[in-house]
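Given next are the chains, with one letter for each unit.
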Amino acid sequence: MASRRNQFDLGSLAIRFILALALVLLTYNPSDYSYVHWFRGALSAGGAGPEHYFVGVILLIGWVMFVRATVLSLGGIGIVLGAAFFGTLMWVLTTYGIIPAKSVTAITWITLVCVACLLAMGMSWSHIRRRLSGQYDVDDITEG
């Protein structure tokens, strides 16, 4: 019987998505409230302090964790297919007027959410694949 720690459900996926979305939007978003804007403002005001670099390192750690897990889990083909899925989805939504095609801000927000979705899927794909196929990854076998 699997322990609760090893179970994967919709809540697990949601937590991964929320963390990925936080990482993406804290790094950059078009609202001018992001690390990129904060750091750029500090540089233009005379220089960034240690707090800017400290937060940058924290974000970099998050990006490395998410991107590494995504690359290992989805692989190059999976990442290309995921990007193609979200790209064509945005194309369909703009074609039918659901997303305003001329709004750079709207497209940017939606693209950032798509990046977070791709990262969350990368963090979750091994669990999802195991559920769908019954096959374990090598990492799953060596951990348990």
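Residues numbered from 1 in each chain as written. Predicted model: local features only at pLDDT ≥ 70, side-chain atom pairs only at ≥ 80, totals over all residues. Heavy atoms only, no water.

Draft legend 1. Looking closely at the overall build of the protein chain. Within the protein chain, the secondary structure is distributed over five helices and zero strands. The linear arrangement of helices and strands in the protein chain, starting from the amino end, is α-α-α-α-α. Among the 144 residues that make up the protein chain, the fraction classed as buried is 29%. Within the protein chain, counting contacts between residues at least 6 apart in sequence, those at least 24 apart form 63% of the total. Entry remark: accessible area of the protein chain is about 9700 Å², with carbon and sulfur atoms responsible for 71%. (Helix = DSSP H or I, 4+ residues; strand = E, 2+ residues; numbered from the N terminus. Buried < 20%, exposed > 50% of the residue type's maximum accessible area, 1.4 Å probe, protein only. Contact = heavy atoms within 4.5 Å. Areas by Shrake-Rupley, 256 points an atom, 1.4 Å probe, with all protein chains shown as cover.)

Draft legend 2. Spatial organisation of the packing of helix H1 (residues 10-27) against helix H3 (residues 50-95). Across the interface, H1 lies against H3 with an axial gap of 10 Å and an inter-helix angle of 135°. Of the possible angle classes, the one that applies to H1 and H3 is oblique. Considering only the axes of H1 and H3, their crossing is left-handed. Every residue of H3 that contacts H1 at Arg 16, Leu 19, Ala 20, Leu 23, Val 24, Leu 26 and Thr 27 is listed here: Leu 59, Gly 62, Trp 63 and Phe 66. Here the residues of the contact of H1 with H3 are counted per class, giving eight nonpolar, two polar and one charged. (Axes fitted to C-alpha atoms, helices over the stretch in contact; angles between N-to-C directions. Parallel < 35°, antiparallel > 145°, perpendicular 65-115°, else oblique. Left-handed = near helix turned anticlockwise from the far one by under 90°. Nonpolar A, V, L, I, M, F, W, Y, C, P; charged D, E, K, R; others polar.)

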